[in-house]
Amino acid sequence: MSVFSEVPQAAPVAVFKLTQDFTNDQFPKKVNLGVGAYRTDDSKPWVLPVVKKVEKVIVHDDTLNHEYLPILGLPEFRSSASKIALGDDSPAIQENRVGAVQCLGGTGALKMGAEFLRRFYNGNNNTTTPVYVSAPTWENHNAVFANAGFEDVRPYKYWDAEKRGLDLAGFLGDLESCPAHSIFVLHACAHNPTGTDPTQEQWKQIAEVMMRRKLFVFFDSAYQGFASGNLEKDAWAIRYFVSLGFEMFCAQSFSKNFGLYNERVGNLTVVARDADNLKRIMSQMEKIVRTTWSNPPSQGARIVAITLNSPELFSEWKGNVKTMADRVLLMRAQLKAKLQALGTPGTWDHITEQIGMFSFTGLNPKQVEYMIKEKHIYLMASGRINMCGLTTKNIDYVAESIHEAVTQVQ
Amino acid sequence: MALLKSNKVISCLGNISPALGVLSSRNSSWWGGVQMGPPDPILGVSEAFKKDSNPKKMNLGVGAYRDDQGKPFVLSCVRKAEAIISAKQLDKEYLGIGGLAEFTKCCAQLALGNDNEVLKSGRSITVQTISGTGSLRIGGNFLSRFHAGPRDVYLPKPSWGNHTPIFRDAGMQLKAYRYYDPSTCGFDFKGALDDISKIPEQSVIMLHACAHNPTGVDPRPEQWKEISDLVKKRNLLVFFDMAYQGFASGDIDRDAWAVRYFIEQGHNILLSQSFAKNMGLYGERVGGFTVVCGDVDEAKRVESQLKILIRPIYSNPPMNGARIASTILSTPDLRSLWLEEVHGMANRIIKMREQLVAGLQKEGSTHNWQHVIDQIGMFCFTGLKPDQVERLTKEFSVYMTKDGRISMAGVTSGNVGYLAHGIHAVTK
């Protein structure tokens, strides 16, 4: 009799199941608008030219070995990664109150931050401290915090489905009425899944309430550079909050902007009040890392560190990032234009107003089902599409299919 | 708690007394109550070693292999595999949550043997993990969520220092069974059997598959057999930690013997594997976690739940190391080369053990140092007491952990004489 005979079958993770179904589909015109990875105009994954260059350097460098990294990760990676988010001239960095933990992707960075908060934020047991995530948000946010022991993960108002934009009043209302010391997960840019970001003015309002009510700021930055094509612009919100003096966390992912998805490159940037607090925080972070993965993987961090620390490679990287961002912008413009040309009912401005990899089309579940079953176009049940899945070759088919779905399926 | 309370008192006073300004700025931080975490004992050794300017200093702390020049060793099979992989110009798309399929297949085959009935029947599941630590952690999380038996994981006494906090953070509790006999510097077989016989049914028992860390003391095959029988009688859930397959004796099948024997005997085991040491892939974080189940259906259900556990921690594992490992394991001439190199590493360690004992005898030591040769793997429990260790460090700049453990990998033909001299000096 097995000890595990009672283990139930778990439901598959939706976004991966979608890709699996897509892979199994034999339809020649099938399109995958599901998982969030960049694709070229030939629908191929793209290893950034700068990454290829740096990988060659690494593989031929006999002085490099595979020794353990320090628990908190590769120092050159951590410092350059934090600089990317906060800016080279960040006063917080100059004041020695910025630390970093190299983590396994953005997920790993969120996990480390969550584990730390659960243990140390506002007392030593935060299992009942509310954690707010946007409605909607990346589907793994909930699980990361719940799994780290937070029993009260709640939504904050964010997406206004009717007007297809930010529900600022609702968001601010939740900030005003939430329990004291609540933790808020904020998307630094290119909100996943809606692609709708607060404007600078709106961020200022959000920051004011959070400062006044002493709420904890936890940024999730998975698309820096990828959203507008400009690193500084995409980090504006993070830097603004730092300038106001918040103690905060920022989980960074280099999966998308470096195309290093499977090497799991992430960084948890910690902004503390002062160096003494920072020291103690980092010592406790080490303990948490040690029981989760001991020390992080070296390959991806090396690639990023080498790139960010060399002026030429850094420049080349920025160019690669802009290439990706520009292709997405082009697809947005074209999709909107085609839907308007087709006379598809509704307004489609949100397609070009939204930013980053994803677009919340506004398609309802029935229409999504139609897209998948009848047209072999795979997208999330929420109506989220990955703009990178669009190409000049398939955009007509997709536009026509959306048109059909909207006009024929209610 | 007391610190937090006193902070609250001080923050009021801070407004009155400027002298308390420093404290009140700490109070205005969320993290004023965060204590400095204790330094990691093993890494602390390395830190102290780095600071020492004695040219004869030796770092016998951390367990990473060094060649006879005291340098990190990148295996040729690894470099060759990297060249092959580089030429393929693969993409960097996310792996599945369970990792690289070619890797998990090779990983399981390496541990269980290609012809193992378990693999043929498909009644086991192997997921790629973040090296051994990640594997143990996922295992702990899985037990915590799904194991219907007691919350206790029984570790050998002593065990790897990180076992305890890993399982604790995963939500399990730790207990111990006797293992190391300090009077013989060997295996306390009677004590182990005695303690195991009292472990409540369905508890989890952790066994080091080979090259026990930190003692280097392994049960002999006939002892393993008795342990297996007893564990079966007690109906315990076996969790093997195999971090040194190939590295212990130099022979991968011999080092996996206990794991395979237990499975043969009907134990549906949990197994953690690490490729940090045997492939020198330390920083690439290559490991596997295996659950041997009752049948294929159960394996599928367990797999689905492992994915649910993994996703909120790191989503999916890193590619690079797993790709290297699977390339080596599945390419015949690379695999042969690897077996040679692993044999080479194990042999160098064995030679150093012999040379250390010879050196001690030459120094005139009258103690029995046979255990240094009998113990196996990277580590040696010398039997040195804390005060002797302290002297060895202070007077000879030999850095090791307080429990008397030395990493044989840090010993070279160039420094083994010096080490023998130092050990003799503090033990005569």
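Residues numbered from 1 in each chain as written. Chains lettered and ligands numbered in written order. Predicted model: local features only at pLDDT ≥ 70, side-chain atom pairs only at ≥ 80, totals over all residues. Heavy atoms only, no water.

- In the annotation of an unreviewed UniProt entry, chain B is listed under the name Aspartate aminotransferase and assigned to Sparus aurata.
- Under the UniProt heading Subcellular location (unreviewed entry), the note attached to chain B is "Mitochondrion matrix".
- The Catalytic activity (unreviewed entry) field of the UniProt record for chain B holds the comment "L-aspartate + 2-oxoglutarate = oxaloacetate + L-glutamate". (UniProt positions renumbered as here; feature names shortened; annotations may be inferred.)

- An unreviewed UniProt entry lists chain A under the name Aspartate aminotransferase, from Sparus aurata.
- Regarding chain A, the relevant UniProt record gives this comment under Sequence similarities (unreviewed entry): "Belongs to the class-I pyridoxal-phosphate-dependent aminotransferase family."
- What UniProt states about chain A under its Cofactor (unreviewed entry) heading is, verbatim, "pyridoxal 5'-phosphate".

**Re the overall build of chain B**
Stage number 1. Within chain B, the secondary structure is distributed over 18 helices and 13 strands.
Stage number 2. Relative to its length of 428 residues, chain B is compact, with a C-alpha radius of gyration of 24 Å against a globular reference of 22 Å.
Stage number 3. Across its three principal directions, the C-alpha atoms of chain B cover 75 × 60 × 55 Å.
Stage number 4. Across the 428 residues in chain B, those meeting the buried criterion constitute 60%.
Stage number 5. Of the contacts formed within chain B by residues at least 6 apart in sequence, a portion of 74% connects residues at least 24 apart.
Stage number 6. Accessible surface for chain B amounts to roughly 16800 Å². Of this, 54% is attributable to carbon and sulfur atoms.
Stage number 7. Taking the average location of the 50 positive side-chain charges in chain B and that of its 42 negative ones, the two points are 5 Å from each other. (Helix = DSSP H or I, 4+ residues; strand = E, 2+ residues; numbered from the N terminus. Rg over C-alpha atoms; globule rule 2.2 N^0.38 Å. Buried < 20%, exposed > 50% of the residue type's maximum accessible area, 1.4 Å probe, protein only. Contact = heavy atoms within 4.5 Å. Areas by Shrake-Rupley, 256 points an atom, 1.4 Å probe, with all protein chains shown as cover. Lys, Arg positive; Asp, Glu negative; His and termini not counted. Charge placed at Lys NZ, Arg CZ, Asp CG, Glu CD.)

**Focus on the sheet that holds strand E8 (residues 216–221) of chain A**
Residues and elements named next belong to chain A.
Stage number 1. A sheet is described by the order of its strands in space; here 7 strands give the open sequence E2-E10-E9-E8-E7-E3-E4, paired in mixed fashion. The open sheet has two edge strands, strand E2 (98–104) and strand E4 (153–157), and neither has a second partner. Along the sheet, successive strands turn relative to each other by an average axial angle of 25°, direction set aside.
Stage number 2. Contacts from helix H8 (residues 200–212) reach strand E7 (183–187) and E8 within the one sheet, and its direction differs from that of E7 by about 165°.
Stage number 3. Sitting on the sheet, helix H11 (residues 275–290) is in contact with E2, strand E9 (248–253) and strand E10 (265–271), with an inclination near 10° to E2. (Pairing = 2+ DSSP bridges. Axes fitted to C-alpha atoms, helices over the stretch in contact; angles between N-to-C directions.)

**What to know about empty space enclosed by the protein**
Stage number 1. All told, the structure shown has 4 cavities of 30 Å³ or more when counted by the stated rule.
Stage number 2. Sorting the residues of the lining of the largest cavity by element identifies helix H2 (49–60) and helix H12 (298–308) of chain A together with helix H4 (76–88) and helix H14 (319–330) of chain B as the ones contributing at least two each.
Stage number 3. Of the residues forming the lining of the largest cavity, the biggest block, 5 residues, is contributed by H2 of chain A.
Stage number 4. Empty space within the second largest cavity amounts to approximately 380 Å³.
Stage number 5. Looking at the second largest cavity, it is lined by 27 residues, and the ones nearest its centre are Trp138, Asn192, Tyr223 and Lys256 of chain A together with Tyr94 of chain B. (1 Å grid on protein atoms, 1.4 Å probe; cavity = no way out; pocket = protein on both sides within 12 Å on 5 of 7 lines; lining within 4 Å. Points joined across faces, edges and corners; volume = space filled by probe spheres on them.)

**Section: the sheet that holds strand E8 (residues 237–242) of chain B**
Residues and elements named next belong to chain B.
Stage number 1. Taking strand neighbours across the sheet as the criterion, the 7 strands line up as E2-E10-E9-E8-E7-E3-E4 in an open arrangement whose pairing is mixed. Two strands in the sheet have a free side with no partner beyond their single neighbour: strand E2 (124–130) and strand E4 (173–178). Neighbour to neighbour, the strand axes of the sheet diverge by 25° on average, direction disregarded.

**Things to note about the environment of valine 398 of chain B**
Residues and elements named next belong to chain B.
Stage number 1. Looking at the secondary structure, you find valine 398 in strand E12 (residues 398–399).
Stage number 2. Each C-alpha atom, one on valine 398 and one on leucine 334, is 37 Å from the other, the two residues being 64 residues apart in sequence.
Stage number 3. Residues in contact with valine 398, not counting those within four places in the same chain, are Met58, Leu60, Leu392, Thr393, Tyr418 and Leu419.

**Points about the nonpolar core**
Note on soluble globular proteins: their nonpolar side chains tend to be buried together.
Stage number 1. With 77 residues, the main nonpolar core has Phe218, Phe249 and Leu268 of chain A together with Trp31 and Leu306 of chain B as its most contacted residues.
Stage number 2. Not counting chain neighbours up to four residues away, the residues in contact with tryptophan 31 of chain B comprise Phe116, Leu117, Phe120, Tyr121, Phe216, Glu247, Phe249, Asn277, Arg280 and Ile281 of chain A.
Stage number 3. Counting residues in each nonpolar core, the second largest holds 67 residues, with Leu100, Ala243, Phe275 and Val286 of chain B among its members. (Core = buried A, V, L, I, M, F, W, Y, C linked by side-chain atoms within 4.5 Å.)

**A closer look at the UniProt feature "domain: Aminotransferase class I/classII large" (unreviewed entry) in chain B**
Stage number 1. The positions UniProt marks with the feature "domain: Aminotransferase class I/classII large" (unreviewed entry) are residues 56–423 of chain B.
Stage number 2. In residues 56–423 of chain B, helix accounts for 47% and strand for 15%; the two terminal C-alpha atoms are 14 Å from one another.

**Observations regarding helix H10 (residues 221–233) of chain B**
All names here are of chain B.
Stage number 1. With 13 residues, H10 extends 18 Å from end C-alpha to end C-alpha; this agrees with the ideal 18 Å at 1.5 Å per step.
Stage number 2. Buried within H10 are the following residues: Gln223, Trp224, Ile227, Ser228, Leu230 and Val231.
Stage number 3. At its buried positions, H10 is contacted by strand E6 (186–187), helix H9 (189–196), strand E7 (204–208), E8 and helix H12 (257–264).
Stage number 4. Immediately beyond the C-terminal end of H10, within one or two residues, lies asparagine 235, with a positive phi of roughly 55°. (Expected span 1.5 Å × (residues − 1).)

**Details of the pattern of salt bridges**
Stage number 1. For the coordinates displayed, the defined rule picks out 43 salt bridges over all chains.
Stage number 2. Of the charged contacts in the structure, one is a salt bridge between glutamate 263 of chain A and lysine 92 of chain B, with a shortest N-O distance of 3.5 Å. With one member in each of two chains, glutamate 263 of chain A in the loop between E9 and E10 and lysine 92 of chain B in the loop between H4 and helix H5 (101–112) form a pair that bridges those chains. Like lysine 92 of chain B, glutamate 263 of chain A is buried.
Stage number 3. The partner of glutamate 369 of chain A in a salt bridge is lysine 373 of chain A, with the nearest N and O atoms 3.6 Å apart. One end of the pair is glutamate 369 of chain A and the other is lysine 373 of chain A, both in helix H15 (residues 365–373) and 4 residues apart, which spans about a single turn. (Salt bridge = Lys/Arg side-chain N within 4 Å of Asp/Glu carboxyl O.)

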